[in-house]
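Residues per chain are reported as follows:
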Amino acid sequence: MAEPTNPRPRILYSAAGPEPPFPLRMEGTVISGFGRGSKELGIPTANLPVDAAATPWIADARSGVYFGWASLALPRTHPDASSSSSPPSSTTTTTTTNNNTDNPSSSSSTTPPPSFQIYPMVMSIGYNPFYKNSVRSAEVHILQAFGADFYDAPMRLLILGFVRDEKDYSGLDALVEDIRVDCDVARQSLAREAWTPAEGVVGGGSGTLDGSWLVR
Ligand code: ADP
Ligand code: MG
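Because the structure is a prediction, the values reported are computed rather than measured.

**Here's the deal with the confidence of the model for the protein**
Do not read the predicted coordinates in detail wherever pLDDT is low.
Okay, step 1: In this model, the protein carries an average pLDDT of 88, and 86% of its residues clear a pLDDT of 70 or more.
Okay, step 2: Confidence drops under pLDDT 50 across residues 84-107; counting only partners more than four residues distant or on other chains, this segment forms six contacts.

This is the structure:
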């Protein structure tokens, strides 16, 4: 594969860390998208419903590509769930403080809820064509290969910076090329210490960024 000659800078913002108005936060449950075939392009995007009340900043957000961190609470049955990569600790006794009166089989099913794992991501904020482009849309490409889809999984986003405006493309190749560069920009910009969560990220590494909201 020839080295791309795309002149866009790969590292955005200062090494000192995110600048206002970032970080911006958003959370929800992964839903089906617009069926644009992102996966066929090798760039699946996990869509989140936009709750304008919970994310008041999004109404005025500039449309375009952003980067940051996503956390996912994958179900324990998912091949990439944390419990499948590291054996569960059998000595952990979980004391539930809320009374599970509606769950008679709780003694045999006291598995803790899935925990959030943090991944680098690149995302687009645009307009939802289903609502005649009057409602914002948000879709996230996580920079990691997954062994299975994760529709319905809870997802949180810590958005740290803006990458570029939306563009009109003459062809798919130019679009895919630009998205590849977006991914590269996200990876390299996020790799710096002040941009990497102290809580640790999937694939290794931790920095000084406060990512506690992602895993709380
Ligand atoms: P849709 O139109 O339903 O959003 P996509 O082709 O965009 O379909 O695929 C998105 C789905 O692919 C996500 O909801 C998720 O379940 C799955 N997926 C697998 N790998 C990734 C990834 N790296 N980033 C985002 N979503 C992924
Ligand atoms: Mg999608």
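**Some remarks on the side chain of His 78**
Okay, step 1: If you trace the backbone, His 78 turns up in the loop between strand 3 (64-72) and helix 1 (82-85).
Okay, step 2: Within the structure, the side chain of His 78 is placed 3.0 Å from the backbone nitrogen of Asp 80, a separation counted as a polar contact.
Okay, step 3: Separated by 3.2 Å, the side chain of His 78 and the backbone oxygen of Asp 149 make a polar contact.

**A closer look at the layout of surface pockets**
Okay, step 1: Roughly 710 Å³ of volume is contained in the largest pocket.
Okay, step 2: Surrounding the largest pocket, 25 residues form its lining, Arg 36, Ser 124, Glu 139, Leu 175 and Ile 179 being those nearest its centre.
Okay, step 3: Among the elements of the structure, strand 4 (117-127), strand 5 (136-142) and helix 2 (172-190) are those that each provide at least two residues to the lining of the largest pocket.
Okay, step 4: Here the lining of the largest pocket gets five residues from one element, more than from any other, and that element is strand 4.
Okay, step 5: A class-by-class count of the residues in the lining of the largest pocket yields 11 nonpolar, seven polar and seven charged.
Okay, step 6: Here the second largest pocket defines a volume of roughly 490 Å³.

**Regarding the pattern of salt bridges**
Okay, step 1: A full pass over the atoms with the stated rule returns 10 salt bridges.
Okay, step 2: Linking Arg 10 and Asp 184 is a salt bridge whose minimum nitrogen-to-oxygen distance equals 2.9 Å. Residue Arg 10 is found in the segment before strand 1 (24-29), and its partner Asp 184 is found in helix 2; the two are separated by 174 residues along the sequence.
Okay, step 3: The salt bridge involving Asp 149 is made with Lys 39; its shortest N-O contact spans 2.9 Å. Of this pair, Asp 149 sits in the loop between strand 5 and strand 6 (154-165) while Lys 39 sits in the loop between strand 1 and strand 2 (46-48), and the two are 110 residues apart along the sequence.
Okay, step 4: Accessibility expressed as a relative area gives 44% for Asp 149, which makes it partly exposed.
Okay, step 5: When salt bridges that share partners are traced, they join Arg 8, Arg 164, Lys 167, Asp 178 and Asp 182 into one network.

**A closer look at the site of ligand 1**
Okay, step 1: As a matter of local geometry, ligand 1 sits amid 19 residues, with Gly 33, Asn 47, Ile 142, Phe 150 and Tyr 151 nearest to it.
Okay, step 2: In this structure, an oxygen atom belonging to ligand 1 sits 3.0 Å away from a main-chain N or O atom of Thr 45.
Okay, step 3: Summarising the interface, the protein chains cover 92% of the accessible area of ligand 1, which totals 560 Å² for the free molecule.
Okay, step 4: In a pocket analysis with a 2 Å cut-off to the grid points, ligand 1 is assigned to the second largest pocket.
Okay, step 5: Where the shell around ligand 1 is concerned, the elements lending two or more residues are strand 2 and strand 5.
Okay, step 6: Residue contributions to the shell around ligand 1 peak at three residues, all from strand 5.
Okay, step 7: Counted by class, the shell around ligand 1 contains nine nonpolar, eight polar and two charged residues.

**Some details on the coordination of the magnesium ion (ligand 2)**
Reference values for angles at a metal are 109.5 degrees in the four-donor tetrahedral case and 90 or 180 degrees in the six-donor octahedral case.
Okay, step 1: Protein coordination at the magnesium ion (ligand 2) comes from Thr 45 (O), Thr 45 (OG1) and Asn 47 (OD1), with a distance range of 2.2 to 2.4 Å.
Okay, step 2: Take Asn 47: its relative accessible area is 5%, and that puts it in the buried class.

**Concerning a nonpolar patch on the surface**
Okay, step 1: On the surface, Phe 130, Tyr 131 and Val 135 cluster together into a nonpolar patch covering about 330 Å² of accessible area.
Okay, step 2: The partly exposed category is assigned to Tyr 131, whose relative accessible area is 44%.

Basis of the calculations
- Residues numbered from 1 in each chain as written.
- Chains lettered and ligands numbered in written order.
- Predicted model: local features only at pLDDT ≥ 70, side-chain atom pairs only at ≥ 80, totals over all residues.
- Heavy atoms only, no water.
- pLDDT = per-residue confidence, 0-100.
- Contact = heavy atoms within 4.5 Å.
- Helix = DSSP H or I, 4+ residues; strand = E, 2+ residues; numbered from the N terminus.
- Polar contact = N/O pair within 3.5 Å; in protein donor to acceptor, adjacent residues only side chain to side chain.
- 1 Å grid on protein atoms, 1.4 Å probe; cavity = no way out; pocket = protein on both sides within 12 Å on 5 of 7 lines; lining within 4 Å.
- Points joined across faces, edges and corners; volume = space filled by probe spheres on them.
- Nonpolar A, V, L, I, M, F, W, Y, C, P; charged D, E, K, R; others polar.
- Salt bridge = Lys/Arg side-chain N within 4 Å of Asp/Glu carboxyl O.
- Buried < 20%, exposed > 50% of the residue type's maximum accessible area, 1.4 Å probe, protein only.
- Near = heavy atom within 4 Å.
- Areas by Shrake-Rupley, 256 points an atom, 1.4 Å probe, with all protein chains shown as cover.
- Sits in = over half its atoms within 2 Å of the grid points.
- Donors = N, O, S within 2.8 Å, 3.2 Å for Na, K, Ca; no water.
- Patch = residues over 30% accessible without salt bridge, like charges linked within 9 Å, V, L, I, M, F, W, Y side chains within 5 Å.

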